[in-house]
Amino acid sequence: VIPSGDDGLVSNFLKWWTLACAYFALFYFGVTVPLAVVFGINVNYMLSPPPAPADMFMSGPNFRLQSTLCCAAAFFFFQFVVTATAVFGRAMG
């Protein structure tokens, strides 16, 4: 997670975050959506939003886009936590 070459910390962080989002998008739209459509099963809430309480902030025709953005924000947060922990760990030891 921590850069070892010429990459800066922010650049390395953004590369890993972009990679995580790309893998998620590939799985989400390349595997889950076709399976949900073919079999007619609401896999991972692909065909319709989940029941309450999540429908308070994620609903409507843009449900899938909102869900993808929420996951991208979660990836960003967890990548930040891991990177900060690694940087502080390296600084302490």
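Everything that follows concerns the structure shown earlier in this document.
First, a word on scope: everything that follows refers to the structure included in this document. (Residues numbered from 1 in each chain as written. Predicted model: local features only at pLDDT ≥ 70, side-chain atom pairs only at ≥ 80, totals over all residues. Heavy atoms only, no water.)

### What about the overall build of the protein chain?
For the protein chain, the helix and strand inventory stands at 2 helices and 0 strands. Buried residues in the protein chain amount to 19% of all 93 residues. Working note: accessible area of the protein chain is about 6600 Å², and carbon and sulfur atoms make up 73% of it. (Helix = DSSP H or I, 4+ residues; strand = E, 2+ residues; numbered from the N terminus. Buried < 20%, exposed > 50% of the residue type's maximum accessible area, 1.4 Å probe, protein only. Areas by Shrake-Rupley, 256 points an atom, 1.4 Å probe, with all protein chains shown as cover.)

### Quick look at the packing of helix H1 (residues 9–39) against helix H2 (residues 63–92)
For any two helices packed against each other, one specifies the crossing angle of their axes together with the interaxial distance. In the contact formed by H1 and H2, the axes pass within 10 Å of each other and the chain directions differ by 145°. Judged by the twist between their axes, the crossing of H1 over H2 is right-handed. Touching Leu9, Phe13, Leu14, Trp16, Trp17, Ala20, Cys21, Phe24, Tyr28, Phe29 and Val33 of H1 are Arg64, Ser67, Thr68, Cys71, Ala72, Phe75, Phe76, Gln79, Phe80, Thr83 and Val87, all from H2. Partitioning the contact of H1 with H2 into residue classes produces 17 nonpolar, 4 polar and 1 charged. (Axes fitted to C-alpha atoms, helices over the stretch in contact; angles between N-to-C directions. Left-handed = near helix turned anticlockwise from the far one by under 90°. Contact = heavy atoms within 4.5 Å. Nonpolar A, V, L, I, M, F, W, Y, C, P; charged D, E, K, R; others polar.)

### Here we look at the environment of asparagine 42
For asparagine 42, the position within the fold is in the loop between H1 and H2. Of the residues examined, asparagine 42 reaches a relative accessible area of 31% and is grouped as partly exposed. Through-space distance from the C-alpha of asparagine 42 to that of threonine 32 is 9.6 Å; in sequence the pair is 10 residues apart. Setting aside residues no more than four positions away along its own chain, asparagine 42 makes contact with Leu47 and Ser48.

### Describing a nonpolar patch on the surface
A cluster of nonpolar side chains, Phe27, Val31, Leu35, Val38, Phe39, Ile41 and Val43, forms an exposed patch at the surface whose accessible area comes to about 660 Å². With respect to the secondary-structure elements, valine 31 resides in helix H1. Look at valine 31 and you get partly exposed, because its relative accessible area is 37%. (Patch = residues over 30% accessible without salt bridge, like charges linked within 9 Å, V, L, I, M, F, W, Y side chains within 5 Å. Salt bridge = Lys/Arg side-chain N within 4 Å of Asp/Glu carboxyl O.)

### Comments concerning H2
Taking 1.5 Å per residue, 30 residues should reach 44 Å; H2 reaches 43 Å between its end C-alpha atoms and fits that length. Within the span of H2, buried status applies to Phe63, Ser67, Thr68, Ala72, Gln79 and Thr83. Those residues of H2 that are buried are in contact with H1. (Expected span 1.5 Å × (residues − 1).)

### Let's talk about the packing of aromatic side chains
Within this structure, the stated rule accounts for 5 aromatic pairs. For the ring pair tryptophan 17 and phenylalanine 76, a centre distance of 5.6 Å and an interplane angle of 90° mean the geometry is edge-to-face. Of this pair, tryptophan 17 sits in helix H1 while phenylalanine 76 sits in helix H2, and the two are 59 residues apart along the sequence. A relative accessible area of 36% means that phenylalanine 76 is categorised as partly exposed. A network of ring pairs unites the aromatic residues Phe24, Tyr28, Phe29 and Phe75 as a single cluster. (Phe/Tyr/Trp six-rings, centres within 6.5 Å; stacked < 30°, edge-to-face > 60°.)

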